[in-house]
Amino acid sequence: MLLEIREEDERMPEWPEMETYRAMLTKYVAGKSIRSVEIAREKSVNVDAEQFKRELEGRTIWFIERRGKYILFHLDNGKRLLLHLMLGGLLYYGSDEQDRPDRTVQVTLTFEQGHLYFIGLRLGFLHYLSVKEVEARLAELGPDPFDKRLTLENFKARLQGKRSALKNALVDQHVLSGIGNCYADEIAFTAGIRPDRKLTTLDEAELERLYHAIHKVLRDAADKGGYMELPFTRDDELTGGYNSQCLVYDRGGEPCVQCGTAIVKTEMSSRKVFYCPNCQKES
DNA sequence: AGATGTACCCGGACGC
DNA sequence: TGCGTCCGGGTACATC
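Residues numbered from 1 in each chain as written. Chains lettered and ligands numbered in written order. Predicted model: local features only at pLDDT ≥ 70, side-chain atom pairs only at ≥ 80, totals over all residues. Heavy atoms only, no water.

**Structural notes on the overall build of chain A**
A tally of regular secondary structure across chain A gives seven helices and ten strands. Taken over the C-alpha trace, chain A has a radius of gyration of 20 Å; the compact-globule value for 283 residues is 19 Å, and the two agree within 12%. Overall, chain A is about 60 × 40 × 30 Å in size when its C-alpha atoms are taken along their principal axes. Long-range pairs, those at least 24 residues apart, make up 64% of the contacts in chain A between residues at least 6 apart in sequence. Summing over all exposed atoms, chain A offers an accessible surface of approximately 13,100 Å²; the carbon and sulfur share of this is 46%. Separation of charge centres in chain A, based on 41 positive and 45 negative side chains, amounts to 4 Å. (Helix = DSSP H or I, 4+ residues; strand = E, 2+ residues; numbered from the N terminus. Rg over C-alpha atoms; globule rule 2.2 N^0.38 Å. Contact = heavy atoms within 4.5 Å. Areas by Shrake-Rupley, 256 points an atom, 1.4 Å probe, with all protein chains shown as cover. Lys, Arg positive; Asp, Glu negative; His and termini not counted. Charge placed at Lys NZ, Arg CZ, Asp CG, Glu CD.)

**Observations regarding the sheet that holds strand β6 (residues 105-111)**
Reading across the sheet, the four strands line up as β1-β6-β7-β5 and stay open at both edges, with antiparallel pairing between neighbours. This sheet does not close on itself; its edge strands, each paired only once, are β1 (34-39) and β5 (90-94). If you compare each strand with its neighbour and ignore which way they point, the axes differ by 15 degrees on average. Bridging between β6 and strand β7 (residues 115-119) involves five bridges; their strand directions are antiparallel. Considered in β7, the bridge of threonine 110 is made with histidine 115. (Pairing = 2+ DSSP bridges. Axes fitted to C-alpha atoms, helices over the stretch in contact; angles between N-to-C directions.)

**Digging into the protein's contact with DNA strand B**
Close contacts around DNA strand B come from Arg41, Lys43, Arg122, Leu123, Lys162, Arg163, Ser164, Ala165, Asn168, Lys198 and Ser269, and that covers them all. For DNA strand B, the fraction of protein-proximal atoms (within 4 Å) that sit in sugar or phosphate groups is 70%. Here a phosphate oxygen of DNA strand B and a side-chain polar atom of lysine 162 are 3.1 Å apart. Arginine 163 is positioned with one of its backbone polar atoms (N or O) 3.2 Å from a phosphate oxygen of DNA strand B. Among the residues making up the surface near DNA strand B, the classes are represented as two nonpolar, three polar and six charged. (Near = heavy atom within 4 Å. Polar contact = N/O pair within 3.5 Å; in protein donor to acceptor, adjacent residues only side chain to side chain. Nonpolar A, V, L, I, M, F, W, Y, C, P; charged D, E, K, R; others polar.)

**Remarks on the protein's contact with DNA strand C**
The environment of DNA strand C is made up of Met12, Lys69, Tyr70, His84, Met86, Leu87, Arg122, Leu123, Gln173, Asn181, Arg271 and Lys272. Histidine 84 is positioned with one of its side-chain polar atoms (N or O) 3.1 Å from a phosphate oxygen of DNA strand C. Lysine 272 has a polar side-chain atom sitting 3.2 Å from a phosphate oxygen of DNA strand C. Residue classes in the surface near DNA strand C are distributed as five nonpolar, three polar and four charged.

**Looking at the sheet that holds strand β3 (residues 70-75)**
Spatially, β2-β3-β4-β8 is the arrangement adopted by the four strands of the open sheet, whose pairing is antiparallel. Only two strands of the sheet have a single neighbouring strand rather than two, namely β2 (61-67) and β8 (125-129). In this sheet, neighbouring strand axes are inclined to one another by 20 degrees on average, regardless of whether the strands run parallel or antiparallel. In this structure, strand β4 (residues 80-84) lies alongside β8, joined through five bridges in antiparallel fashion. Within β8, the position partnered with leucine 83 by the bridge is leucine 126. Lying on the sheet, helix α2 (residues 49-56) is in contact with β3, β4 and β8; it crosses β8 at an angle near 65 degrees. Docked against the sheet, helix α3 (residues 131-138) engages β2, β3, β4 and β8, running at close to 130 degrees with respect to β8.

Okay, here's the thing in structure tokens:
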């Protein structure tokens, strides 16, 4: 195995990373049929390993859908595979036995042309579910940030009356789906608002900046392939292109790219928070 | 309603 | 180098 592994923190896949994976999976496994299944860690799946294999082998994946940070594989029997990578989960598609990452693989789906590896599934999982079960599971997910129906007016209405802090609202999957700890901070920085501001204190101009910052940050990051530490395939040069592009996240003490002030690292609701005390408005 | 706490999980980082 | 310890994230759920 010849993959170069960069020395970086474990990544927490969010909207841009999962969107990149959705596109990659569509390119490599949509329309393909599953030849064999290997389960190295039974806890990663929700049914008995033998049953999981029986159900999956021979199935064709019709298409790949992303909802928030979840990926749904639509199978030809009407069932779904629901994937969540949680902390540190990764996907890799290798063309042959030598082309596999030097990591602990929990589940492998083998296709005629290659192998899809599910790596680093600790809290993450790959569940075989009926449509009904999936819908019940994801019923409370908020809208996708790019949902056409989420106009500026609807966005403002969704936040209306909420008394939580900006950071907590951004990472709340009931409010919007797909934003996690890193991009919440990047969005707050881009909007010029401190993460601990109560939503009730945001004025019209700030809400509008926030709305546009959400789209700008997520779109930019996804266009650059997100910040995953490993490429999806051996010659994939997109995935992970956003590595080290974060402006405030994990940059505590470093100078702000806009003004040079030291980035502040703090904590809210047991989450790391990073912001520029000069560029981001306190009130 | 929102905040807080806890369980889940284990690779990797760190300490001796 | 080896072995033990501990951390950290998103989600779900209980509780205040």
